[in-house]
Every structure is written in C-alpha cells, then in structure tokens.
Amino acid sequence: MWQGSAAGWPGPCQRDAGKHAVMGRRHFGILGLLAGAVVLCAAVPLLFVGYSSVELSATRWAGLWSSRLPELLWNTLLLAVLVAVGSLVLGVSSAWFIARREFPGRRLALWLMVLPLAVPTYVFAHIYTTLLAEDGWLGSAWRGVFGDAVPVPDLYHAGGVALILALAGYPYVFLLVHGALRRSNRSLEEAARIQGATAGQVFRRITLPLLRPAIAASLAVVVLHVLSDFGAVSMLRYQTFTLSIYLQMSGRFDYEAAAGLSLVLVFLSLTFLVLERFFRRRSRYYAGAQSAVVRAKAASRGELVIIGLWLGHIVLFAVLLPLAWMLRWSWDAWRQELIGAEFWSYATNSVTVAFFAATAAMVAALPVGFFHVRRPSFLSGTFVQLSSVGFVLPGPVIALGIITALLVLLPPLYGSFAALVLALVIRFLPLAVQAEEAAMQQLTPAVEQAGRVHGAGALENLWRVVLPMIRSGLAVAWVLVFIDALKELPATLILRPIGFDTLPVRIWIEASEEMLELAAPAALMLVLASLPALWIIMRGQR
C-alpha cells in the first residue's frame, strides 16, 4: 500500500485519512449542537433565577449578606464536607471488600449495599427520628444500656443530618467505585507486588490513583445531592440554602430573595464542579478494550471477621432497621384495611413518571458527555457545568422556572405530564452525565477509530461500538435517574397534574400528619418499585 505518488498527489491512505478527518469534524459539530440544545433546555431554571435576581436591590443583597448568608454558607459547606467524608469511607471500603474478596454471602451483600438508593432522605430522617424517640426502638435500647443519666441522642444538628445523608448517599460511591475496581488493570497491582510493595502501598499508590475518576464522579453526585436536598434538612430543621429558599417562597412569598439565595447556591455548586473537573482532568485512565473482569480473592479468617463486622453494621443501619420499621407499620395498615385502590394508583403514577424521566435523561446526557470526553474544550466544559445547574437548584425553583417558561412559550403544556417529566429530566440530568462520562473516559479512542477505519459511519460506530462498550454506564445512568425520580418530592408537589399524586407526595402528607401506618406502605412500595431497576444495574456488577 503506497502513501503517495511521485507527482505529489495524495495516495489512497492519505485521501481516506483526510476524508475521515473532515467527517469527524462534521460529526463532532453536530454532536456539539445537540449538546448545546440539551444544555439550553437544562438552563431554563437558571434563566429564571438570573432574571428574578436582577430585580433584587443592592440594599436587599446587603441585608441578605448580614442576616442569612454567612450562616447558610457555613451550614451548607459543613454538611457537604461531612457527608462526602462519610460516603467516601462507607462506599470505598465496602466496594473494595466486595470487589476484591470472596466470602459467603458476597452477592447478597452486593444487593444490600445499593438498596438504600431506594429510600428517600426524608424517609430516612422520619424513620430515625421515630426510632430515636423515648419510646422508639433505638431510644428504648439506649435507655436500657445507659439509663436515664445519658440522654438519647437526637439528629437535629449537622452531625445527625450528615449521618442520614451519608446513609442515603454512600451507594453512589459504592456503585461507581465497585465498577471501576472490577474493570481496573490488575497487572499493575501484580507488578507492584512482585517489586515488593505491601498491600497498603499497592492500594495507596496503584489502586487509589486508578479509582480517582470514579471517586471524583461519585463524590460530585453525593455533594450535589447534599446541596439540593430538601426532604431531610426540612424534617430535621437544619438551615441550609434549600430550606431557606423554600421558606422564602412558601412562607414569605418573597420570590426575589429566594432567587437571590438560589443564585448564591448555583455559584457555590458551580465552583465545586469546576474544582472537581480540574482535579479529575489530571487523572484520566483508559482501561483498554481487552481488560478482564478482576476475580475476587478468597478472604482469610481475619478478613472475614473485619468484613462481617464492617458490612454488618452498614447493612444494619442503612437497610435492616429502616426496612423493619416499614414492614412493622405496613402490617398495621394492612390489618386495618387502609391500603386500597388509590394507593396502587399512586404507585403506578410514580413508576410511570420515573420511567419516562430516566429514559429521556439517559438519551439527553449522551451528547453532552460524549462531546466533552472526545472534544474536551472550554465550550464542552461549560456545557457540562450548565447541565448540572438543574441539580443544584432546589426543586421548587426548578418548578417555578419551568412554569414561567411554559406560560410564555408553550402554554398548553402547563400542568401537563410532559412538564413534570421535563422538570425531573432537568433535575437529574447531572446524574446521567456523570455516570455516562465516567464510562466513556475508560473507553479508549482507538476502538472508535478502528471502527471508522473499517468504514463504519458515525451512527453505526455509535450503535455497534460505543454504546455496547458503555452499556454498563448507560444502565447506571438510567437506574440512578429512575430511582431519584421515583423519590422526587418538591418539584412533583408543584408540577403534578391535577389528581396525579405519587408515592413521595403521599409519604410527605401522611408523615406531616404523623400517620405512620399510611406513610410506611408508601415508603415500602418505593423500595419494592426500585428493585427491578436495581436488578438491571446489579447484572453488570456481579
């Protein structure tokens, strides 16, 4: 095969390379346009916040700074740090034990580690405040051990809220780190051991650096959840930006002040995302197309004890106690015949809206993540940051932004099912982008180039090469959005069509009225409805 002619004309290979380069630029141009369109839709609530913030006078900004902002900044940042540390410790340790050690009940432990994803933070908060009451299970046990001299601990402080959010958030770290551990190149660790490195040195110098993209992506998801959480902080009365914004909107009807606080929250979240992207850009690793799944090594007796104690405590507080509470009160509701046809309609509504939101978010995230991974630039980075805006805004602000936009541009969609799905897609698009981007970062570009060299077009290459190789990342993205959409409360409260109550809405109403026997069946149904989605994701994790 010749490369060129004596007369200086390009040879076949050179012409093919030039043709592929032109086609590549054209395809990435289209990809950039698609990513831009997705980001424009996701930025609608931000436009509402910006427009409303402009009307806030300098005097009122000064009043917010002197009265509210320092406390809110401290509380929110402290909570984010505590939850990130807790989720990191719980998620990375449990992922390593399950991915790298073989022990009895390992597959069951894999399931139990991700089950808390199905429990909303406000359900966790409600259950543990009930359990820690004087006559609750944990409160009674505490008084039995320590007597009345030591008061039963409560959760109405930063540490208590962080504990609840870490129990609900560590599965995000576990899922992404466990997947990365299974795909990581084991030969590097074996080479380090041959050179005399201890197990701790191998973990610190080889394994941990390889996990940085997964850890960074999962911590970003956890922190964004904390910054936008409304359910747990409102139930535990812990003042953060989200609760303060909600109180400004619902109690004082001061939408300008709410928009001002939302703008500060967006700035805070974008600063965190920029820092996270900066550090993650310096730690990119390709696993290679031929990387084999790492096989777990049989655990020793000492390791079995440590694994049993550590994973047992996590499962007890994150799964067994909440599940036992739900079953106990659901049984009471069943005996009193409180579960009727209306209850099943709430479950159907929740699954339907979550299914459409997860599917739409998975598709919408693809051009944003793919464009940034294959054409990293200031523009692609800006797209990724803006696609995360919906996640850092409180649910009520997203809902109001969408209502404002629909009343101006598409009035017939106001109060429709489509408006609710759009809100959930914007709300959870960052989950899909983070999961898909993490999967794409481990896909070597040589595999795509090989497909193009063999004549595959852009769509064929995407369908037959890229999507099959990142299908686990796509499944993770779909399941994460489905589960979060299933649990979403504040935006659904505002945007749901008339008569379209979901399980979270009913839990909120019944828990507010202390109707435990009615809140528990809805919470239990959320867990059961999430099991098929968890099964999909767990097929790729075993």
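Residues numbered from 1 in each chain as written. Predicted model: local features only at pLDDT ≥ 70, side-chain atom pairs only at ≥ 80, totals over all residues. Heavy atoms only, no water.

> Explanation requested: the overall build of the chain in the structure shown.
Helices and strands together make up the secondary structure of the chain, namely 25 helices and two strands. By sequence separation, contacts in the chain at least 24 residues apart represent 82% of the contacts at least 6 residues apart. In the form shown here, the chain has an accessible surface area of approximately 24,700 Å², with 67% of it arising from carbon and sulfur atoms. (Helix = DSSP H or I, 4+ residues; strand = E, 2+ residues; numbered from the N terminus. Contact = heavy atoms within 4.5 Å. Areas by Shrake-Rupley, 256 points an atom, 1.4 Å probe, with all protein chains shown as cover.)

> Is there a simple way to explain the pattern of salt bridges in this structure?
Once the charged atoms of two side chains with opposite charge are near each other, the side chains can pair. Across all of its chains, the model carries 10 salt bridges by this definition. Among the salt bridges present, the one from E134 reaches R143, with a minimum N-O distance of 3.2 Å. With relative accessibility at 32%, the residue R143 sits in the partly exposed group. The partner of D332 in a salt bridge is R335, and the shortest N-O contact between them spans 3.1 Å. (Salt bridge = Lys/Arg side-chain N within 4 Å of Asp/Glu carboxyl O. Buried < 20%, exposed > 50% of the residue type's maximum accessible area, 1.4 Å probe, protein only.)

> Just to check I follow, could you spell out helix α12 (residues 241–250) for this structure?
Since the α-helix advances by 3.6 residues per turn, residues separated by three or four positions end up pointing in the same direction. Burial of α12 is extensive: seven of the 10 residues sit out of reach of the surface. Residues of α12 that are buried include every one of F241, T242, L243, S244, I245, Q248 and M249, and no others.

> Would you mind going over helix α10 (residues 199–228) with me for this structure?
If you look at α10, its biggest bend is around 50°, right at R212, and the proline P213 turns up within four residues after that. Of all 30 residues in α10, 21 are buried; the element is thus mostly enclosed. (Bend = angle between axes of the 7 residues up to and from the residue.)

> Can you walk me through a nonpolar patch on the surface in this structure?
Nonpolar side chains collect at one region of the surface, where L407, V408, L409, L410, L413 and Y414 lie side by side and expose about 620 Å² of accessible area between them. Within the secondary structure layout, Y414 lies in the loop between α18 (395–409) and α19 (417–441). (Patch = residues over 30% accessible without salt bridge, like charges linked within 9 Å, V, L, I, M, F, W, Y side chains within 5 Å.)

> Got a minute to help me understand the environment of A399 in this structure?
Counting through the fold element by element, A399 comes out in helix α18. Relative accessible area serves as the criterion here: at 0%, A399 is assigned to the buried category. Along the backbone, A399 and I494 are 95 residues apart, and their C-alpha atoms lie at a distance of 6.6 Å. A399 has contacts with A491, I494 and L495, leaving out every residue within four places of it along the chain.

> I keep staring at the packing of aromatic side chains and nothing clicks. Help me out?
Aromatic ring pairs are defined here through the distance separating the ring centres and the angle between the ring planes. This structure, assessed with the given rule, holds nine aromatic pairs. Residues F343 and W344 carry aromatic rings whose centres are separated by 5.2 Å and whose planes lie at 80° to one another, so their mutual orientation is edge-to-face. On the accessibility criterion, F343 (10% relative accessible area) is buried. Centroid distance W478 to F482: 5.0 Å. Interplanar angle 10°. Geometry classified as stacked. In this pair, W478 and F482 are both assigned in helix α22 (residues 471–487), four residues apart and thus about one turn of the helix distant. What makes W478 buried here is its relative accessible area of 14%. Among the aromatic residues, ring-to-ring pairing joins F355, F356, F417, W478, F482 and F500 into one connected group. When the ring centre of W329 is taken as origin, the NZ or CZ atom of R328, which lies over that ring, is 4.5 Å away. (Phe/Tyr/Trp six-rings, centres within 6.5 Å; stacked < 30°, edge-to-face > 60°. Lys NZ or Arg CZ within 6 Å of the ring centre and 35° of its normal.)

> Help me understand unusual backbone geometry, please; the structure alone is not making it clear to me.
A negative phi angle characterises most non-glycine residues, just as the trans form characterises most peptide bonds. Here the phi dihedral of R237 falls at roughly 55°; this positive angle occurs in a residue that is not glycine. Relative to the helices and strands, R237 resides in the loop between α11 (231–235) and α12.

> Please clarify how the nonpolar core should be interpreted in this entry.
As a rule of thumb, soluble globular proteins bury nonpolar side chains together. Residues L79, F241 and M326 are the most contacted members of the largest nonpolar core, which totals 169 residues. Apart from the residues lying within four places of it in its own chain, the contact partners of L79 are A158, V161, A162, L165, V226, V233, Y238 and T240. (Core = buried A, V, L, I, M, F, W, Y, C linked by side-chain atoms within 4.5 Å.)

> I keep staring at the side chain of S218 and nothing clicks. Help me out?
Here S218 lies in helix α10. Among the polar contacts listed, one links the side chain of S218 to the backbone oxygen of I215, at a separation of 2.9 Å. When neighbours within four sequence positions are excluded, S218 is seen to be in contact with Y172, V173 and L176. (Polar contact = N/O pair within 3.5 Å; in protein donor to acceptor, adjacent residues only side chain to side chain.)

> How should the confidence of the model for the chain be read in this particular structure?
Low pLDDT means the predicted atomic positions in that stretch should not be read closely. Residues of the chain with pLDDT of at least 70 account for 88%, and the chain-wide mean is 81. Segment residues 1–10 is flagged for pLDDT under 50; beyond a separation of four residues in sequence, or across chains, it makes 12 contacts in the model. (pLDDT = per-residue confidence, 0-100.)

> How should the environment of I483 be read in this particular structure?
With respect to the secondary-structure elements, I483 resides in helix α22. Take I483: its relative accessible area is 1%, and that puts it in the buried class. Taking the C-alpha atoms as reference, I483 lies 6.2 Å from S530; in sequence the two are 47 residues apart. Sequence-distant contacts of I483, defined by excluding residues within four places in its chain, comprise L117, A118, S530 and L534.

> In this structure, what is going on with the packing of helix α4 (residues 69–100) against α10? I would like to understand it.
Between two packed helices, the angle of one axis relative to the other and the distance separating the axes together describe the packing. Between α4 and α10, the least distance of the axes is 9 Å, while the angle of their chain directions is 135°. Here α4 is positioned oblique relative to α10, judged by the angle of their axes. α4 and α10 meet at a crossing whose hand is right-handed. Facing α4, whose interface residues are T76, L79, A80, V83, A84, S87, L88, V92 and W96, α10 presents F203, I215, L219, V222, V223, V226 and L227. Split into classes, the residues belonging to the contact of α4 with α10 amount to 14 nonpolar, two polar and no charged. (Axes fitted to C-alpha atoms, helices over the stretch in contact; angles between N-to-C directions. Parallel < 35°, antiparallel > 145°, perpendicular 65-115°, else oblique. Left-handed = near helix turned anticlockwise from the far one by under 90°. Nonpolar A, V, L, I, M, F, W, Y, C, P; charged D, E, K, R; others polar.)

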